[in-house]
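The chain contents come next:
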Amino acid sequence: MTYEYESDSINLKKHLRCERIGSSIIFLPEIDSTNDLIKKYLMNNVSEGLVVVAETQTAGRGRRGRSWHSPPETGIYLSTLLKPNLELSQLSIITLLVGVAAVLTVNKFSNQNAYLKWPNDILIDSKKVCGLLCEMVKKQGAPDGVIIGIGINVNQMPEQFPDHLKSIATSIRIVNGFPIDRLAVIQSFLENLDHEYQTYLNEGESSVIKKWSLNTKLFGKNVSIKHGSNVTTGSAMRLDELGRLVLLLDNGYEEAFDSGEVSIRED
Ligand code: BTN
């Protein structure tokens, strides 16, 4: 079922219980990338809380220059804008809090538990159900806004994923065995994000790190982390106060990573 663009936007805005998010809501049949559209609005000085949802994206972007497969009528492709008063270094905490909002949302609808893989993949049974792309935009050297982009695999059937994703992606429908209402998922994500953002602004990063840590299975696992052209192996211990992943290395030292791609080692 496709979105009813105008009425879905009006109804969502009417029912949304948010302080900051959803000041304007736009549903579109097609766009290159919802993150890129928000960036254009930001350059025209739009206020915090704008939400853009697209039925399909022709150039959906993932992390690390990858593309995000965005077919119509199955997945959610959504971006919103936050304008916190933050330094660039605090972007990683924002990314983690969006991850918390996303995992709580998926868990509300999925019959099987989803969990977070640092920094921001949401997995069910080791397969990706949701991805996040958070981008800080600067104006004259200072942060102007953070664009939060989320892709959720909601109603895809296994055969609807392209071959290269079949073994690494899943959807809530695949897990549950029945389709679910994308609008309910969108509403839940926006409300969770609004709540987690407000909690962070009131209480600081420790609340984010605590909740993130409650929703991961990473700690205690042997992992390798690819950062630049290097790979480091060790045991994943915890997140530090900056949201960095702390590994206990084989030589007994601890090292904290602020970026990288984590794989769990099955040894
Ligand atoms: C990842 O690589 O895991 C991040 C995927 C993020 C995809 C979403 S879909 C909506 C928004 N617009 C984009 O172009 N990307 C994000």
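None of the values given here were measured: they were computed from a predicted structure. (Residues numbered from 1 in each chain as written. Predicted model: local features only at pLDDT ≥ 70, side-chain atom pairs only at ≥ 80, totals over all residues.)

Colleague: For this particular structure, what's the right way to read the site of the ligand?
Modeller: Neighbouring residues of the ligand: 19 residues in total, closest S33, G62, G131, G149 and G151. Classifying every residue of the shell around the ligand gives 6 nonpolar, 10 polar and 3 charged. (Near = placed C-beta within 6 Å. Nonpolar A, V, L, I, M, F, W, Y, C, P; charged D, E, K, R; others polar.)

Colleague: I'm lost on helix α5 (residues 182-203) in this one. Help?
Modeller: Residues spaced three or four apart along an α-helix face the same direction, because each turn holds 3.6 residues. Look at α5: 31 Å from first C-alpha to last across 22 residues, which is about the 32 Å you get at 1.5 Å a residue. Within the span of α5, buried status applies to R182, V185, I186, F189, L190, N192, L193, D194, E196, Y197 and Y200. Taken from the residues just after α5, G204 is the one with a positive phi, measuring 90°. (Helix = DSSP H or I, 4+ residues; strand = E, 2+ residues; numbered from the N terminus. Expected span 1.5 Å × (residues − 1). Buried ≥ 20, exposed ≤ 12 C-beta atoms within 10 Å, placed from the backbone.)

Colleague: Honestly, the sheet that holds strand β7 (residues 142-152) in this entry has me stumped. Any pointers?
Modeller: Within a sheet, neighbouring strands are paired by backbone hydrogen bonds and run either parallel or antiparallel to one another. Spatially, β1-β2-β3-β7-β6-β5-β4 is the arrangement adopted by the 7 strands of the open sheet, whose pairing is mixed. Every interior strand has two partners, whereas the edge strands, β1 (25-31) and β4 (115-117), have only one. Between one strand axis and the next, the sheet turns by 25° as a mean value, whatever way the strands run. (Pairing = 2+ DSSP bridges. Axes fitted to C-alpha atoms, helices over the stretch in contact; angles between N-to-C directions.)

Colleague: Please explain the packing of helix α3 (residues 91-109) against helix α6 (residues 205-214) as it appears in this structure.
Modeller: When two helices pack together, their arrangement is given by the angle between the helix axes and by the axis-to-axis distance. Two elements in contact, α3 and α6, have axes whose closest approach is 9 Å; the angle formed by their N-to-C orientations is 45°. Here α3 is positioned oblique relative to α6, judged by the angle of their axes. Read as a crossing pair, α3 and α6 show a hand that is left-handed. For the pair α3 and α6, contact is made by I93, L96, L97, G99 and V100 and by E205, V208, K211 and W212, respectively. (Parallel < 35°, antiparallel > 145°, perpendicular 65-115°, else oblique. Left-handed = near helix turned anticlockwise from the far one by under 90°. Contact = placed C-beta atoms within 7 Å.)

Colleague: Help me out: how do you make sense of unusual backbone geometry in this one?
Modeller: Most peptide bonds are trans, and most residues other than glycine sit at a negative phi. Across the junction of W118 and P119, the peptide omega takes the value 0°, indicating a cis bond. Inspection of the secondary structure assignment puts P119 in the loop between β4 and β5 (121-124). Its identity as a non-glycine residue notwithstanding, N45 has a phi of 70°, on the positive side. Residue placement: N45 occurs in the loop between α2 (34-43) and β2 (51-57). A tally of 9 C-beta atoms within 10 Å means that N45 is categorised as exposed. Positioned with a positive phi, S126 is a non-glycine residue whose angle comes to about 65°. Topologically, S126 is positioned in the loop between β5 and β6 (127-139).

Colleague: Would you mind going over the environment of L16 with me for this structure?
Modeller: With respect to the helices and strands, L16 occurs in the loop between α1 (5-15) and β1. Separated by 214 residues in the primary sequence, L16 and N230 have C-alpha atoms spaced 45 Å apart. Filtering out sequence-adjacent residues up to four positions away, L16 remains in contact with G22, Q187, L190 and E191.

Colleague: Please explain the pairing of strand β10 (residues 245-249) as it appears in this structure.
Modeller: Every regular strand shows the same layout, with side chains that alternate between the two sheet faces. Note: strand β9 (residues 230-239) against β10, 5 bridges, orientation antiparallel. Opposite G234, over in β10, you have L249 as the bridge partner. Counting the residues between successive antiparallel strands, the hairpin from β9 to β10 contains 5 residues, one of them, G243, with a positive phi of roughly 85°. Between the antiparallel neighbours β10 and strand β11 (residues 254-257) lie 4 residues, among them G252 with a positive phi of about 95°.

Colleague: Teacher, can you tell me more about the nonpolar core here?
Modeller: Side chains of a nonpolar character, in soluble globular proteins, are inclined to be buried together. In this structure, L97, V98, A102, V106, I122 and V129 are the most contacted members of the largest nonpolar core, which totals 64 residues. Of the residues forming this core, the biggest block, 10 residues, is contributed by α3. Residue-level mapping places this core at the junction of two domains, with at least three residues from each of domain 1 (5-214) and domain 2 (222-264). (Core = buried A, V, L, I, M, F, W, Y, C linked by C-beta atoms within 7 Å. Domains from an automatic or database assignment.)

Colleague: Where do I start with the domain arrangement of the protein chain in this structure?
Modeller: Quite often, the size of an interface is put as the accessible area lost when its parts meet. The domain boundaries assigned to the protein chain delineate domain 1 (5-214) and domain 2 (222-264). A straight line from the C-alpha centre of domain 1 to that of domain 2 covers 25 Å. For the side of domain 1 that touches domain 2, the secondary-structure elements that each account for two or more residues are α3 and α6. Of all the elements, α6 adds the most residues to the side of domain 1 that touches domain 2, at 4 residues.

Colleague: Looking at this structure, I do not really get the pairing of β5. What am I missing?
Modeller: The alternating pattern of β5 places D121 and L123 on one face and I122 and I124 on the opposite face, and all of these are buried. Linking two consecutive strands that pair antiparallel, namely β4 and β5, is a turn of 3 residues. Relative to β6, β5 is paired through 4 bridges, and the arrangement is antiparallel. Looking at the pairing, I122 lines up with C130 of β6. Between β5 and β6, which pair antiparallel one after the other, the connecting turn spans 2 residues, and D125 there sits at a positive phi close to 55°.

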